[in-house]
Amino acid sequence: MPDEMKNTAGGETHLTTDQSHPVLTTNQGIPVADNQNSLKAGARGPVLLEDFILREKIFHFDHERIPERIVHARGSGAHGYFEVYESLSDITKASLFQQAGEKTPVFVRFSTVAGGAGSVDTPRDVRGFAVKFYTKEGNWDLVGNNIPVFFIQDAIKFPDLIHAVKMEADRAYPQAGSAHDTLWDFVSLMPESSHMMMWAMSDRTIPRSLRTMEGFGVHTFRLVNKEGKSTFVKFHWKPKLGLQSTVWDEAVKLQAADNDYHRRDLWEAINRGDYPEWELGLQLFDQQLADSLPYDVLDATKLIPEEVVPVRKVGRLVLDRNPDNFFAETEQVAYMPTNIVPGIDFSNDPLLQGRLFSYLDTQKSRLGTTNFHQIPINAAKCPVMNFQRDGMMQTRVPQGRANYEPNSLSKAGEAGGPRECPVTGYSSFPGRKENNEEGDKLRIRSESFADHYSQARMFYNSQTSNEQAHIASAIVFELSKVELEHVPVQVIANFRNISEDLAQRIATGLGLALPEKARAAAEVKDLAPSDALSIQKNMQHTLKGRSVGILVTDGSDADVVEAIQAAVKNAGGTVKLVADRINGITLSGDKKVKADGKLEGTPSQIFDAVAVVLSKEGTLKMMKQGAAVQFVMDAFGHLKAIGYNEEAMPLLQKAGVEADEGITGTGDDFIEAAARRFYAREANIRNLA
Ligand code: HDE
């Protein structure tokens, strides 16, 4: 009998009389005789109130949904492990970092931020990157994003930010999009969002795959060793596949091509054993270094460039198992920045401090009970022993009388229960003196948080010229959707502090005169550019994790098709055949194949490169097929490699393809090109801002 049919509640499983399946039961275990018809008074009579089987089934169904997350509602999860490369006992006593090679189970959830649970995977949006480590000393949640900074400095602004970015209050649109009045109104009035907006308008927010994006803990945290010594740390996740994003037109078209593009990509990669992998990187520094920086490490709108504090790679995260059940695991997983283990501690970042307060409330509101930690995906994989009792949905059955402490029950031979342990128990790093924490109660923003533009400028200056054009174009696109006329003017006035070049491009793109520069609260500095901030400077030319589509028709050369398939697989990529029908395609030599996708539903944007292998007749047929012309046109427009055989040339011409180094034959030249994007092509085919 398959595992999923075993009686998980315990007890003997009853089988149907033909022994083929377990007997269907109600939630009370009562066997069900008929799952097709409700109980009626006569064949055409009313349904009876006493039909407890119908009532229970519909009652449960009616309550299947729980409130979606107010932010990060749409997400995809996976199981895996974290493996540490070397002992970090000199800097932290956290159990997962003590022994080289030690593996800790994890559950990771990636998400978009603004859209609802049913929204699409590829809008321009920040991505959540949340990792739950089930360590031997309790759960540690590193609840980060794919961008190392944030929009705001103080938690008190978070509800305003989220109200502004989500669908507008009266009209309930746009869904999952920042290109609207209220977000940009908020941004125009909050210069502290400038740095994050540079990232948000860059290609970071339109990743090609969840597997090709970085992750960041964002805030400064502390690591604490056995001697009680604290080291500041910023956490990084570096994807093994390198960075890869889409271009904007491609991201928009992906929304139509596949709502579940990222979810599917993650699921399929894990299913075929192509396990997504990231390295954990640490930026470690002390108070002295923090004091030497021209920005405050407690300010979440700032990062520390890798050139200033290098990223030390200390372990790897491997995702090797898809969830068994989306709801039970991905939907019910409850991350909390307060899930922290001995050896890791917080900093005074006021955004982090607000988060520490907030997430517990969210879990109670979504999961409905203080016992949400007992849900299997949230349960620690080490002993949980305390005197907390009862509550809604209690699933544990504690033994004995000891539900208070201190008690002396053990003296009478009864179980006395657990006790605190000052040596191994969690102790917070005191740090008051170090942080100058004495002071009056004030609603105040530290002076050291006042510079809102220098790092935004550094980010912009660290990009390739093509990436700068993408940022400018994204801002022009978004502001073109803003109807409040004063808002774009204020945004440009602010952004003049970031870069005159950027501000001018935006003004030109919108057809506006350059407004007067807004006053900056602090002097804007020219910080050294950092290559680590660019995607294009951190791409890998590889077919690993990449996917190639081959457009074929009846009569396509079977040898060429097979050679491409073999070479792509050999280089670690995946390959799909696209044709005008799924079944019965006959290649040359009467070779029958089944296509993986029908042309109209399998546009080229879902691939990283395409090959067009057609017979002469096939080419004529495809030239009359809009979807085929679009297939080639989009691959060209999205800066991808196109390999083609001579007979297919007229289709490429009709699609407006012009020769460049990404337009190749079907041999090794194509395999080499398929591992890359051709950003230089863009200047010839798209007017960027
Ligand atoms: Fe969150 N955030 N957040 N956040 N956040 C939530 O918790 C919140 C912030 C992040 O896959 C909520 O369980 C406040 C920064 C991720 O389940 C909620 C503030 C960063 C996820 C919440 C922030 C994040 C959340 C909604 C400002 C990057 C998804 C559902 C003080 C470092 C986790 C939930 C998952 C989810 C509150 C700011 C990352 C409402 C109040 C900064 C990845 O509790």
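Small disclaimer: the values here were computed from a predicted structure and weren't measured.

S.K.: Which parts of the structure should I look at to understand the overall build of the protein chain?
M.R.: A tally of regular secondary structure across the protein chain gives 19 helices and 18 strands. What you see for the protein chain is a C-alpha radius of gyration of 29 Å, in line with the 26 Å of a compact globule of 689 residues. With respect to the principal axes defined by its C-alpha atoms, the protein chain has extents near 90 × 80 × 55 Å. Of all 689 residues assigned to the protein chain, the portion counted as buried reaches 52%. The long-range share in the protein chain, meaning contacts at least 24 apart out of those at least 6 apart in sequence, stands at 72%. Of the roughly 32,600 Å² of accessible surface on the protein chain, a fraction of 53% belongs to carbon and sulfur atoms. Averaging the positions of the 76 positive and the 91 negative side-chain charges in the protein chain gives two centres separated by 2 Å.

S.K.: For this particular structure, what's the right way to read the sheet that holds strand β16 (residues 609–612)?
M.R.: By definition, the strands of a sheet pair up through backbone hydrogen bonds, in either a parallel or an antiparallel sense. One open sheet accounts for 6 strands, arranged β15-β12-β11-β16-β17-β18; its pairing is parallel. The sheet is open, and its two borders are formed by β15 (597–598) and β18 (663–664), each paired with just one other strand. Note: strand β11 (residues 547–551) against strand β12 (residues 574–579), 5 bridges, orientation parallel. The partner of S547 across the bridge, within β12, is T574. Contacting β11, β12 and β16, helix α14 (residues 558–570) runs over the sheet at an angle of about 150° to β12.

S.K.: Just to check I follow, could you spell out the site of the ligand for this structure?
M.R.: Around the ligand, the structure places 23 residues, and the nearest of them are R69, R109, Y359, T362 and Q363. At a separation of 2.8 Å, an oxygen atom of the ligand approaches a polar side-chain atom of R69. Broken down by secondary-structure element, the contributors of at least two residues to the shell around the ligand are β3 (127–135), β4 (138–145) and α9 (350–367).

S.K.: Looking at this structure, how should I read the pairing of strand β6 (residues 221–224)?
M.R.: Successive side chains on a regular strand alternate, one facing one side of the sheet and the next facing the other. Side chains F221 and L223 of β6 all project onto a buried face; the interleaved residues R222 and V224 project onto the opposite face, where all are buried too. Pairing of β6 with strand β7 (residues 230–239), which is carried by 4 bridges, proceeds in the antiparallel orientation. Bridged to F221 within β7 is V233. Taking the residues between adjacent antiparallel strands as the criterion, β6 and β7 are bridged by 5 residues, where G228 takes a positive phi near 85°. Of the pairings in the sheet, the one linking β6 to strand β10 (residues 344–345) comprises 2 bridges and is antiparallel in character. For L223, the partnering residue across the bridge sits in β10 and is I344.

S.K.: Before we go on, may I ask you to explain the side chain of Q463 in this structure?
M.R.: Within the secondary structure, Q463 is located in the loop between α10 (454–461) and α11 (465–480). At a separation of 3.0 Å, a polar atom in the side chain of Q463 contacts the main-chain carbonyl oxygen of F459. Setting aside anything within four residues of it in sequence, one finds Q463 in contact with Q468, I471, L533, S534 and K537.

S.K.: Hey, could you run me through the packing of aromatic side chains in this one?
M.R.: Any pair of aromatic rings gets described here by the distance separating the centres and the angle formed by the planes. Taken as a whole, this structure holds 19 aromatic pairs when the rule is applied. Ring geometry for F110 against W278: centres 5.5 Å apart, planes inclined by 35°, an arrangement best described as tilted. With a gap of 168 residues between them, F110 in strand β2 (residues 103–112) and W278 in strand β8 (residues 277–285) connect regions that are remote in the sequence. Overall, the relative accessible area of 1% leaves F110 in the buried class. Classification of W278 as buried rests on a relative accessible area of 0%. Aromatic rings pair up to connect F82, F97, F110, F129, F133, W140, F221, F235, W237 and W278 into one cluster. Above the face of the Y81 ring, K103 is positioned so that its terminal group lies 4.5 Å from the ring centre. For the cation-ring pair, K381 lies above Y134, with the distance from its terminal atom to the ring centre recorded as 4.3 Å.

S.K.: Honestly, the pattern of salt bridges in this entry has me stumped. Any pointers?
M.R.: A pair can form between side chains of opposite charge whenever their charged atoms are brought close. Tallied over the full model, the rule gives 48 salt bridges. Ionic pairing is found between R445 and E192, a salt bridge with its closest N-O pair at 2.8 Å. One end of the pair, R445, is in the loop between α9 and α10; the other, E192, is in the loop between α3 (181–189) and α4 (194–200), and 253 residues separate them in sequence. For E192, a relative accessible area of 7% puts it in the buried group. A salt bridge links E600 to K598, with the nearest nitrogen and oxygen atoms 3.1 Å apart. A relative accessible area of 45% means that E600 is categorised as partly exposed.

S.K.: Would you explain helix α13 (residues 500–510) in this entry?
M.R.: Turning to α13, its buried residues number three or more, namely L502, A503, I506 and A507. End-on, the buried residues of α13 take up no more than an arc of 130°, which puts them together on one face. On its buried side, α13 packs onto α4, α10, α11 and α12 (486–495). Structurally, the start of α13 carries an N-cap: the backbone nitrogen of D501 is 3.2 Å from a side-chain oxygen of S499.

S.K.: For this particular structure, what's the right way to read unusual backbone geometry?
M.R.: With the exception of glycine, the majority of residues adopt a negative phi angle, and the majority of peptide bonds are in the trans configuration. Across the junction of Y173 and P174, the peptide omega takes the value 0°, indicating a cis bond. For V218, which is not a glycine, the phi torsion comes out positive at approximately 70°. In this structure, M393 is a non-glycine residue whose phi angle is positive, near 60°.

The rules behind these values
- Residues numbered from 1 in each chain as written.
- Predicted model: local features only at pLDDT ≥ 70, side-chain atom pairs only at ≥ 80, totals over all residues.
- Heavy atoms only, no water.
- Helix = DSSP H or I, 4+ residues; strand = E, 2+ residues; numbered from the N terminus.
- Rg over C-alpha atoms; globule rule 2.2 N^0.38 Å.
- Buried < 20%, exposed > 50% of the residue type's maximum accessible area, 1.4 Å probe, protein only.
- Contact = heavy atoms within 4.5 Å.
- Areas by Shrake-Rupley, 256 points an atom, 1.4 Å probe, with all protein chains shown as cover.
- Lys, Arg positive; Asp, Glu negative; His and termini not counted.
- Charge placed at Lys NZ, Arg CZ, Asp CG, Glu CD.
- Pairing = 2+ DSSP bridges.
- Axes fitted to C-alpha atoms, helices over the stretch in contact; angles between N-to-C directions.
- Near = heavy atom within 4 Å.
- Polar contact = N/O pair within 3.5 Å; in protein donor to acceptor, adjacent residues only side chain to side chain.
- Phe/Tyr/Trp six-rings, centres within 6.5 Å; stacked < 30°, edge-to-face > 60°.
- Lys NZ or Arg CZ within 6 Å of the ring centre and 35° of its normal.
- Salt bridge = Lys/Arg side-chain N within 4 Å of Asp/Glu carboxyl O.
- Arc of directions from axis to C-beta.

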